[in-house]
Amino acid sequence: MWTRIKMAIIRFMQGRNGVDNLGYHALFAGLILVLLNTFIGSFLLSLLGNALYIYAIFRMLSRNVSKRQAENARYVRFMNSWQKEVRQFFLRVKGTKEYKYFRCPSCKNRLRLRRGCGEKHITCPICKHQFNQKA
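Residues numbered from 1 in each chain as written. Predicted model: local features only at pLDDT ≥ 70, side-chain atom pairs only at ≥ 80, totals over all residues. Heavy atoms only, no water.

Asks: Explanation requested: the packing of aromatic side chains in the structure shown.
Replies: For the coordinates displayed, the defined rule picks out 3 aromatic pairs. A ring pair is formed by Phe 89 and Phe 90, whose centres lie 5.4 Å apart and whose planes are at 70°; its orientation type is edge-to-face. Across from the ring centre of Phe 12, 4.2 Å away, lies the NZ or CZ of Arg 16, which sits over that ring. Here the basic side chain of Arg 112 rests over the ring of Tyr 99, its NZ or CZ set 3.9 Å away from the ring centre. (Phe/Tyr/Trp six-rings, centres within 6.5 Å; stacked < 30°, edge-to-face > 60°. Lys NZ or Arg CZ within 6 Å of the ring centre and 35° of its normal.)

Asks: I tried to follow the environment of Met 13 on my own but got confused; where do I start?
Replies: Here Met 13 lies in helix α1 (residues 2–13). Along the sequence, Met 13 and Ser 62 sit 49 residues apart, while their C-alpha atoms lie 9.5 Å from each other. The contact partners of Met 13, leaving out residues within four places of it in the chain, are Gly 18, Met 60 and Leu 61. (Helix = DSSP H or I, 4+ residues; strand = E, 2+ residues; numbered from the N terminus. Contact = heavy atoms within 4.5 Å.)

Asks: I tried to follow the nonpolar core on my own but got confused; where do I start?
Replies: As a rule of thumb, soluble globular proteins bury nonpolar side chains together. In this structure, Phe 102, Cys 104, Leu 111, Leu 113, Ile 122, Cys 124 and Phe 131 together form the largest nonpolar core, which totals 7 residues. With residues up to four places along the chain from it excluded, the contact list for Cys 104 reads Asn 109, Leu 111, Cys 124, Cys 127, His 129 and Phe 131. (Core = buried A, V, L, I, M, F, W, Y, C linked by side-chain atoms within 4.5 Å. Buried < 20%, exposed > 50% of the residue type's maximum accessible area, 1.4 Å probe, protein only.)

Asks: Which parts of the structure should I look at to understand helix α3 (residues 43–61)?
Replies: For α3, spanning 19 residues, the distance from its first C-alpha to its last is 27 Å, which sits close to the expected 27 Å at 1.5 Å a residue. Looking only at α3, the buried set comprises Leu 45, Gly 49, Ala 56, Arg 59 and Met 60. On an axial view of α3, the arc spanned by its buried residues comes to 100°, and they lie on one face. In this structure, α3 carries Phe 43, Leu 44 and Ile 54 as exposed residues pointing more than 90 degrees from its buried face. With a side-chain oxygen positioned 3.3 Å from the backbone nitrogen of Leu 44, the residue opening α3 is Ser 42. (Expected span 1.5 Å × (residues − 1). Arc of directions from axis to C-beta. Polar contact = N/O pair within 3.5 Å; in protein donor to acceptor, adjacent residues only side chain to side chain.)

Asks: How should the pairing of strand β1 (residues 99–103) be read in this particular structure?
Replies: On a regular strand, each side chain points to the face opposite its neighbour's, so the side chains alternate between the two faces of the sheet. Across 5 bridges, the pairing between β1 and strand β2 (residues 110–114) is antiparallel. Across the sheet, residue Lys 100 finds its bridge partner in β2, namely Leu 113. (Pairing = 2+ DSSP bridges.)

Asks: Quick question: what am I supposed to make of a nonpolar patch on the surface here?
Replies: The grouping of Phe 78, Trp 82, Val 86, Phe 89, Phe 90 and Val 93 at the surface amounts to a nonpolar patch, some 620 Å² of accessible area in total. Residue position: Phe 89 is located in helix α4 (residues 65–94). Judged by its relative accessible area of 42%, Phe 89 falls in the partly exposed class. (Patch = residues over 30% accessible without salt bridge, like charges linked within 9 Å, V, L, I, M, F, W, Y side chains within 5 Å. Areas by Shrake-Rupley, 256 points an atom, 1.4 Å probe, with all protein chains shown as cover. Salt bridge = Lys/Arg side-chain N within 4 Å of Asp/Glu carboxyl O.)

Asks: How do you make sense of the pattern of salt bridges when you look at a structure like this?
Replies: If charged atoms from side chains of opposite charge come close, those side chains can pair. Considering all chains together, one arrives at 4 salt bridges under this definition. One salt bridge connects Arg 59 with Asp 20, and the closest N-O pair in it is separated by 2.4 Å. Here Arg 59 is found in helix α3, whereas its partner Asp 20 is found in the loop between α1 and α2 (21–40), with 39 residues between them in sequence. Given a relative accessible area of 0%, Arg 59 falls into the buried group. Across the pair Glu 71 and Arg 59 runs a salt bridge, and its minimum N-O distance is 2.4 Å. Here Arg 59 lies in helix α3 and Glu 71 lies in helix α4, a separation of 12 residues in the sequence. Look at Glu 71 and you get buried, because its relative accessible area is 17%.

Any functional reading would require information that these geometric values do not contain.
This is the structure we're talking about:
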């Protein structure tokens, strides 16, 4: 009996997008908003949480797989860059006593110098712009 139900679900989901990162995070965010709504009692939180649920289910059942995969790829790229920025921020905060952080005046790439080394002539590794920087 369970095998028949499992096979029916598998047949139903063939050709559909299924669960991906964006859909999973939308479900999780909707759950958080609905749980937060139980304590606050806001109509807006309830509406937003339910809208996220509906969006996640729409993504899972969508047959336009290529479009959903492109959306998920954009979301994953955004999340990876955001996580990288947050990780680098905490590394900069942790290394503030040992290093001085600054940006290249040309390409705005982040660079660092060990504190106490005086003024240095620096060549940016990205754009090869040369400038002086005091640590």
